[in-house]
Amino acid sequence: CFFEIVQAKRPYMERASALEPGWLSEASPGLTTLSPPLRTLSPHYNALSDSTFAWVKPTYGAARWQLPPVPHPAAADDHAFRAALFGRALCEGSVLKALKPLAPELMPRARSMSEEA
């Protein structure tokens, strides 16, 4: 992100800022298009809000720049998918750390549930 391009002996950007690509979808949702949930990626569990997020792949602006996947809440009316996301996060040990040692046995079934929902 930059404020302006200044022409001297060589053009350069003035007041340039580093930008994290994942912020763009939050900062300007009107310019962002989100993909359907990426069901193959593990859900993101937020312990503070006790909520599970699916990963989506955003594109930004008229040029449709591809941005890295970002966590996004599942649709409120998609109860089966929301339950499958939570079940998968639970089986991975993200919700209850005590289940983490059992994840190798639990994950194949949990993964298939979230891909089918």
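The structure this text deals with has already been given above.
Residues numbered from 1 in each chain as written. Predicted model: local features only at pLDDT ≥ 70, side-chain atom pairs only at ≥ 80, totals over all residues. Heavy atoms only, no water.

## Overview of the overall build of the chain
Of the regular secondary structure elements, the chain holds 3 helices and 8 strands. Its helices and strands in sequence order give the chain the pattern β-β-α-β-β-β-β-β-β-α-α, from N to C terminus. The C-alpha radius of gyration of the chain comes to 19 Å, more than 25% above the 13 Å expected for a compact globule of 117 residues. By its C-alpha atoms, the chain is 65 × 30 × 25 Å across when sized along the principal axes. By the burial criterion, 26% of the 117 residues in the chain qualify as buried. Intrachain contacts of the chain at a sequence separation of at least 6 include 38% that bridge at least 24 residues. A total accessible area of about 8,100 Å² is found for the chain, and carbon and sulfur atoms account for 62% of it. Computed over 12 positive and 11 negative side-chain charges, the separation of the two mean positions in the chain equals 6 Å. (Helix = DSSP H or I, 4+ residues; strand = E, 2+ residues; numbered from the N terminus. Rg over C-alpha atoms; globule rule 2.2 N^0.38 Å. Buried < 20%, exposed > 50% of the residue type's maximum accessible area, 1.4 Å probe, protein only. Contact = heavy atoms within 4.5 Å. Areas by Shrake-Rupley, 256 points an atom, 1.4 Å probe, with all protein chains shown as cover. Lys, Arg positive; Asp, Glu negative; His and termini not counted. Charge placed at Lys NZ, Arg CZ, Asp CG, Glu CD.)

## What about helix H2 (residues 79–92)?
For H2, spanning 14 residues, the distance from its first C-alpha to its last is 20 Å, which sits close to the expected 20 Å at 1.5 Å a residue. Buried within H2 we find Phe81, Ala84, Leu85, Gly87, Arg88, Ala89, Cys91 and Glu92. (Expected span 1.5 Å × (residues − 1).)

## Here's the deal with the side chain of Thr52
Relative to the elements of secondary structure, Thr52 occurs in strand S5 (residues 51–56). When residues no more than four places from it in sequence are discounted, the contact partners of Thr52 are Pro43, His44, Tyr45, Leu85, Phe86 and Ala89.

## Things to note about the sheet that holds S5
Spatially, S4-S5-S8 is the arrangement adopted by the 3 strands of the open sheet, whose pairing is antiparallel. In this open sheet, the two edge strands, each paired with only one partner strand, are strand S4 (44–46) and strand S8 (70–73). Put simply, the sheet's adjacent strands are angled 45° from each other on average, direction ignored. For S4 and S5, the ladder comprises 3 bridges, and the chain directions are antiparallel. The residue of S5 that forms the bridge with His44 is Phe53. Lying on the sheet, H2 is in contact with S4 and S5; it crosses S5 at an angle near 100°. (Pairing = 2+ DSSP bridges. Axes fitted to C-alpha atoms, helices over the stretch in contact; angles between N-to-C directions.)

## What to know about the side chain of Glu92
Along the polypeptide, Glu92 turns up in helix H2. Given a relative accessible area of 13%, Glu92 falls into the buried group. A distance of 2.6 Å separates a polar atom in the side chain of Glu92 from a polar atom in the side chain of Ser42. Excluding anything up to four places from it in sequence, Glu92 contacts Ser42, Pro43, Lys100, Ala103 and Met107. (Polar contact = N/O pair within 3.5 Å; in protein donor to acceptor, adjacent residues only side chain to side chain.)

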